[in-house]
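# Structural characterization, general
Now for the letters of each chain:
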There are 2 protein chains.
Amino acid sequence: MKNIAVVGLGIIGGSICGALTNAGYQVDGFGRSSASVEYALNAGYIRAKGENLSLYDVVFIAVPPRATLEYLQTARFKDGALVCDICGVKSEIEKAVYSQKRNYRYVGLHPMAGKETSGIGSASPTLFKKANLIITHAPQTRREDVNEVKQYAFAMGFGKIVECSAEEHDKKIALTSQLAHIVSNAYVKSPQVRGCDGFTGGSFQDMTRIAGVDEQVWTPLYASNRENIVRELSGLIDNLSAYRDALSAKDDEMLSALLREGRLIRETIKRRNN
Amino acid sequence: MKNIAVVGLGIIGGSICGALTNAGYQVDGFGRSSASVEYALNAGYIRAKGENLSLYDVVFIAVPPRATLEYLQTARFKDGALVCDICGVKSEIEKAVYSQKRNYRYVGLHPMAGKETSGIGSASPTLFKKANLIITHAPQTRREDVNEVKQYAFAMGFGKIVECSAEEHDKKIALTSQLAHIVSNAYVKSPQVRGCDGFTGGSFQDMTRIAGVDEQVWTPLYASNRENIVRELSGLIDNLSAYRDALSAKDDEMLSALLREGRLIRETIKRRNN
């Protein structure tokens, strides 16, 4: 059986460990802090603390983008090892991987799962259950490598797995993840927010759940996908301005048309995802 | 025991019926369609189809704002009946109620509960469980009437109950409910949305859950709270523009500061609500 290493024992890394261990794989963990390694051992997520990364057949790198780049560019991997990262931006990572000489096989991953909290205390072997997984590949990616990754992904419990280029990933994720975090982070800045205990329902909770992004993690993520995010942000600002203008002008017919337009789009999303 | 009527058998009206019936009250339902009355009878939400509104001690009006206004201004209620509406805007309703001669006692309600679907098929006797309820009152509102309403509210399962003026309600709800629906409705208008099956996680789902607002219900709601919503929308647009400008200018320090600001506010909300 192949031996697996997971580098980074946060919410994603810890969950990969737990999910693969539960599926019967042998998984060792590399954590920056001894506390997270202890946690992973006690929780039964890993077999042992990893010592030498170059001994593993499969390596999942589950650290922030800059640290991921450093691993992919400077770490010593076993010859022919399968190495996957889990970063939320992919073009920059791929560029770095493919522009260097390397002795490992690379496949990019982006698990569409998470919580509004972080750290291994938020990890769970079932975090990926039925979640979407995006696998990115370049012209040089080999089919058998993708298939091997899929085998681990299904073992982790992922539901739908989609494959695309890093560029397509970054374009779509700008909308489905990165813009959402900015909107949520901006939403709580209303002066009204401080007095609204008891005035909230599910809508407000949904809108603000992910507002508490860690700026140290997200700023470089945004910087790596700048153009796509600026385009999505500009589009949303234009769209919001249309509602504001209709309201200001007391043009209820226009307001109704704008709401209807959004409702009809929403209905097509619902139909597709059911 | 007082007999209770609920006018309007949609998701909210149906849930009021079911919750009060389960708590041991005698509740009759007035529905526009015989199908919704049949549904309420079969589900055990109501004792009977209501026939004459002027026979009831307590009346909950659970129809859209315009129809609510019509009831409050023209329906025949029993002398001294306690009449509550559940509209999402309150100033306009209160103004209409208090500017007329009337033989009933009025208390405004806004249950902060709902789903992204509507109709009695979405109703549930437990919809209000632990939800927030806002009770609005004017200088002329009597304490004993509010206390009577609270008794029904606790029976329905509400958690936190807050009381405020209609003006304060409308100001806060512009942020916590109405703005959220506009943002969600605008969010799905990105051209990227059509190809993002499999590229979504919880963030996108939360952001777009309530996008499918019924424009016929929401346009008049927005129109009744125009100034507050325009102010919230303008504030959000300004805040979003700050992130866009920082991204465009490659000012990562500013971007990080903006994200941090939102995170710190988010943490104060979390602390208060725990």
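Bear in mind the structure is a predicted one, so any value in this text is a computation, not a measurement.

Parameters at a glance
Residues numbered from 1 in each chain as written. Chains lettered and ligands numbered in written order. Predicted model: local features only at pLDDT ≥ 70, side-chain atom pairs only at ≥ 80, totals over all residues. Helix = DSSP H or I, 4+ residues; strand = E, 2+ residues; numbered from the N terminus. Buried ≥ 20, exposed ≤ 12 C-beta atoms within 10 Å, placed from the backbone. Contact = placed C-beta atoms within 7 Å. Nonpolar A, V, L, I, M, F, W, Y, C, P; charged D, E, K, R; others polar. Pairing = 2+ DSSP bridges. Core = buried A, V, L, I, M, F, W, Y, C linked by C-beta atoms within 7 Å. Least-squares fit on C-alpha atoms with pLDDT ≥ 70 in both. Axes fitted to C-alpha atoms, helices over the stretch in contact; angles between N-to-C directions. Parallel < 35°, antiparallel > 145°, perpendicular 65-115°, else oblique. Domains from an automatic or database assignment. pLDDT = per-residue confidence, 0-100. Right-handed = clockwise from strand over helix to strand, strands pointing away.

Once that is clear, we can look at the overall build of chain A. Along chain A, the regular secondary structure elements total 10 helices and eight strands. Counting only C-alpha atoms, chain A reaches 70 × 45 × 35 Å along its principal axes. Within chain A, the proportion of its 274 residues that are buried is 52%. For chain A, restricting intrachain contacts to residue pairs at least 6 apart in sequence, the fraction spanning at least 24 positions comes to 66%.

Taken together, the contact pairs 78 residues of chain B with 78 residues of chain A. For the side of chain B that touches chain A, the secondary-structure elements that each account for two or more residues are strand S7 (132–136), helix H6 (166–187), helix H7 (202–208), helix H8 (215–223), helix H9 (226–248) and helix H10 (252–273) of chain B. Here the element with the most residues in the side of chain B that touches chain A is H9 of chain B; it accounts for 16 residues. When the residues that make up the side of chain B that touches chain A are grouped by side-chain class, the tally is 36 nonpolar, 24 polar and 18 charged.

A word on the sheet that holds strand S6 (residues 105–112) of chain B. Paired through backbone hydrogen bonds, the strands of a sheet run either parallel or antiparallel to each other. Residues and elements named next belong to chain B. With mixed pairing, the eight strands of this open sheet are ordered in space as S3-S2-S1-S4-S5-S6-S7-S8. Where the open sheet ends on each side, the last strands, each with one partner, are strand S3 (48–49) and strand S8 (161–164). The sheet contact formed by strand S4 (residues 58–61) and strand S5 (residues 82–85) spans four bridges and is parallel. Counterpart to Val 58 in the pairing with S5 is Leu 82.

A general feature of soluble globular proteins is that nonpolar side chains tend to end up buried together. Among the nonpolar cores identified, the biggest contains 176 residues, and Val 6 and Val 59 of chain A together with Val 6 and Val 59 of chain B are the most heavily contacted of them. Beyond its immediate chain neighbours, meaning those up to four positions away, Val 59 of chain B contacts Ala 5, Val 7, Leu 53, Phe 77, Ala 81 and Val 83 of chain B.

A separate point is the environment of Gly 201 of chain A. Within the fold, Gly 201 of chain A resides in the loop between helix H6 (166–187) and helix H7 (202–208). Looking at Gly 201 of chain A, the number of C-beta atoms within 10 Å reads 20, which means it is buried.

Turning to the relation of the copies chain B and chain A, a few remarks are in order. When chain B is fitted onto chain A, the two copies agree to an RMSD of 0.0 Å after a turn of 180° and an axial shift of 0.0 Å. The transformation just described matches what one would write down for a two-fold rotation axis. When C-alpha distances to the rotation axis are compared across chain B, the minimum falls at Asp 206 of chain B, with a value of 2.5 Å. The share of interface residues of chain B whose copies in chain A are also at the interface is 100%, consistent with both copies meeting through the same surface.

This part takes up the environment of Ala 174 of chain A. Residue and element names in this part refer to chain A. Tracing the backbone through its elements, the reader meets Ala 174 in helix H6. Assessed through the 25 C-beta atoms surrounding it within 10 Å, Ala 174 is described here as buried. The spatial distance from the C-alpha of Ala 174 to the C-alpha of Ile 229 is 5.2 Å, given a sequence separation of 55 residues.

With that settled, consider the packing of helix H1 (residues 11–22) of chain A against helix H5 (residues 143–156) of chain A. Residue and element names in this part refer to chain A. Two elements in contact, H1 and H5, have axes separated by 8 Å at closest approach and are oriented at 90°. In terms of orientation, H1 lies roughly perpendicular with respect to H5. Packed against H1, whose contacting residues are Ile 16, Ala 19 and Leu 20, the element H5 presents Tyr 152, Ala 155 and Met 156 at the interface. When grouped by side-chain class, the residues that make up the contact of H1 with H5 number six nonpolar, no polar and no charged.

Residues and elements named next belong to chain A. Examined at the domain level, chain A breaks down into domain 1 (3–165) and domain 2 (169–273). In this structure, domain 1 and domain 2 have C-alpha centres spaced 30 Å apart. Taken together, the contact pairs 15 residues of domain 1 with 13 residues of domain 2. Counting only elements with at least two residues in the side of domain 1 that touches domain 2, the list comes to helix H3 (65–74), helix H4 (91–98) and strand S7 (132–136). A class-by-class count of the residues in the side of domain 1 that touches domain 2 yields five nonpolar, six polar and four charged.

Residues and elements named next belong to chain B. A positive phi angle, close to 65°, is found at Lys 130, a residue other than glycine. Relative to the helices and strands, Lys 130 is located in the loop between S6 and S7. Of note, the phi angle at Lys 250 is positive, near 50°, even though the residue is not glycine. Of note, Lys 250 is situated in the loop between H9 and H10. Lys 250 sits in the exposed class, given 10 other C-beta atoms within 10 Å.

Bringing helix H4 (residues 91–98) of chain B into the picture now. Looking at H4 of chain B, one finds that the buried residues are Glu 92, Ile 93, Glu 94 and Val 97 of chain B. At its buried positions, H4 of chain B is contacted by helix H3 (65–74), S5, S6, S7 and H6 of chain B.

All names here are of chain B. Its place among the elements puts Ser 165 in the loop between S8 and H6. According to the C-beta neighbour criterion, Ser 165 is partly exposed, with 17 such atoms within 10 Å. In the structure, Ser 165 is positioned 42 residues away from Met 207 in sequence and 30 Å away in space, judged by C-alpha atoms.

To continue, consider the confidence of the model for chain A. Of all residues in chain A, 99% attain a pLDDT of 70 or more, and the chain-wide mean is 95. As a predicted assembly, this complex carries a pTM of 0.89 together with an ipTM value of 0.89.

So, about the pairing of strand S1 (residues 3–7) of chain A. All names here are of chain A. With four of its five residues buried, S1 lies for the most part within the structure. Two strands pair when backbone bridges link them, and S1 and strand S2 (residues 26–30) are joined in this way by five bridges, in the parallel orientation. Each bridged residue has a counterpart across the sheet, and for Ala 5 the counterpart in S2 is Asp 28. Once you follow S1 into H1 and on to S2, the crossover reads as right-handed. The pairing of S1 with strand S4 (residues 58–61) spans four bridges and is parallel. The residue bridging Val 7 from the neighbouring strand is Ile 61, located in S4.

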